[in-house]
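Listed here are the chains, written in short residue letters.
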Amino acid sequence: MPELPEVETVRRGLLKIAKGRKILSIDVHYEKTITNDVNWFKEQLVGQTITDVNRRGKYLLFRFSNKMTMVSHLRMEGKYYNLPEDGEIHKHTHVVFHLNDDTKLCYSDTRKFGRMTLTETGKELQVAGLKTIGPEPTEENLKTDYLKDIMSKSKREIKPFLLDQSNVAGLGNIYVDEVLWMTKIHPKEHVNLVPAEKIEDLRNNIINELAVATQHHGTTVHSYTNAFGNAGEFQNHLHAYGNVDKPCERCGTTMKKIKVAQRGTTFCPHCQVLTNESD
DNA sequence: CGTTTTTCCTGGCAGC
DNA sequence: TGCTGCCAGGAAAAAC
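Residues numbered from 1 in each chain as written. Chains lettered and ligands numbered in written order. Predicted model: local features only at pLDDT ≥ 70, side-chain atom pairs only at ≥ 80, totals over all residues. Heavy atoms only, no water.

It is worth spelling out the UniProt feature "active site" (unreviewed entry) in chain A at this point. Taken from the UniProt record, the annotation "active site" (unreviewed entry) applies to Pro2, Glu3, Lys58 and Arg263. Relative to the helices and strands, proline 2 is located in the segment before helix H1 (4-18). If near-sequence neighbours (up to four positions away) are discounted, proline 2 is found in contact with Val7, Lys58, Leu74, Arg75 and Met76. (UniProt positions renumbered as here; feature names shortened; annotations may be inferred. Helix = DSSP H or I, 4+ residues; strand = E, 2+ residues; numbered from the N terminus. Contact = heavy atoms within 4.5 Å.)

With that out of the way, let us pick up the UniProt feature "binding site: DNA" (unreviewed entry) in chain A. In the UniProt entry, the feature "binding site: DNA" (unreviewed entry) is given for His92 and Arg111. Considering the C-alpha atoms alone, the annotated residues occupy 20 residues of sequence yet fold into one spot, their largest mutual distance being 8.4 Å. The residue histidine 92 is located in the loop between strand S5 (78-84) and strand S6 (93-99) in this model. Taking relative accessible area as the criterion, histidine 92 reaches 31% and is therefore assigned partly exposed. Aside from chain neighbours lying at most four places away, what touches histidine 92 is Tyr107, Ser108, Asp109 and Thr110. Under the relative-accessibility criterion, arginine 111 is labelled partly exposed at 47%. Every residue in contact with arginine 111, bar those within four places of it in the chain, is listed here: Met76 and Glu77. At 2.9 Å, the side chain of arginine 111 forms a polar contact with the side chain of glutamate 77. (Buried < 20%, exposed > 50% of the residue type's maximum accessible area, 1.4 Å probe, protein only. Polar contact = N/O pair within 3.5 Å; in protein donor to acceptor, adjacent residues only side chain to side chain.)

For the rest of this paragraph, the subject is the protein's contact with DNA strand C. Around DNA strand C, 15 residues are found, and the nearest of them are His73, Arg75, Met76, Arg111 and Lys259. Contact distances for DNA strand C include 3.4 Å between a phosphate oxygen and a backbone N or O atom of glycine 129. Here the surface near DNA strand C is built from residues that sort into five nonpolar, five polar and five charged. (Near = heavy atom within 4 Å. Nonpolar A, V, L, I, M, F, W, Y, C, P; charged D, E, K, R; others polar.)

The next thing to look at is the protein's contact with DNA strand B. Taken together, Tyr30, Lys32, Lys91, His92, Thr110, Arg111, Lys112, Phe113, Ser154, Lys155, Arg156 and Gln262 make up the full set of residues near DNA strand B. The protein-proximal atoms of DNA strand B, defined as those within 4 Å of the protein, are 66% sugar or phosphate. Contact distances for DNA strand B include 3.4 Å between a sugar or linking oxygen and a backbone N or O atom of arginine 111. Take lysine 155: an N or O atom from its main chain is 3.4 Å from a phosphate oxygen of DNA strand B.

Now the structure itself:
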């Protein structure tokens, strides 16, 4: 499930194989992937050149020469891959962009959750999701005071709070479990009860963890072939996610898996304790 | 308005 | 073997 480090890895791959290429035609095999009218989508993009690919949170932003932007979200299993023009597309390929260098850029998505939305460049922040997106998890954009402020105003459990992209952009199930383990916060802790010094710690851990995971090209959970974002090996550096029944790397206590807000959640029951249990 | 629940999907796997 | 049922999960939409 691609989170910020994986999406950033995909973006860098796309720059190499798509930037500067012109779209000759587009095949759409599953119309719901495109949230616009499909014919309008094709009319706008055929003949245009991909000038750049940017990212905001987990959203990819394809820039085109006609001042249009395609917002692409991979959700659970969306992936881009490229083939020679005469190559056979894989199962679950929903959109194919035929490019002017005798290749095609393919989008496949087993669970069909991913979406593409075309909009005028400059108006992409009006697209659902981007309209309410929170700050990027970087030194410059994610300030401790901001986190302290929004956390003081909410009584939600911290796991769904951090998964909510309107609070902080880019975190998903894997990295939320990681940063909560690092910061020693129980995933069900209510955010208004987290002490100030832990909020600063949490903020630093979020920024650092996502940056380091990006350096490792992200985490590969399932192995895919011919898809970007599958080169990552950060799964070898995870401390919580996927470590159920293993000893905590800090204290040796057996890691537990529970459900928090409908999400599978792995944590250390010794290091990560609820406030009302410890006092 | 803030928060929780439901919905969208398919492959994989447990259980019979 | 083949069937049923359940699970995984990001975020929009609906419900509360």
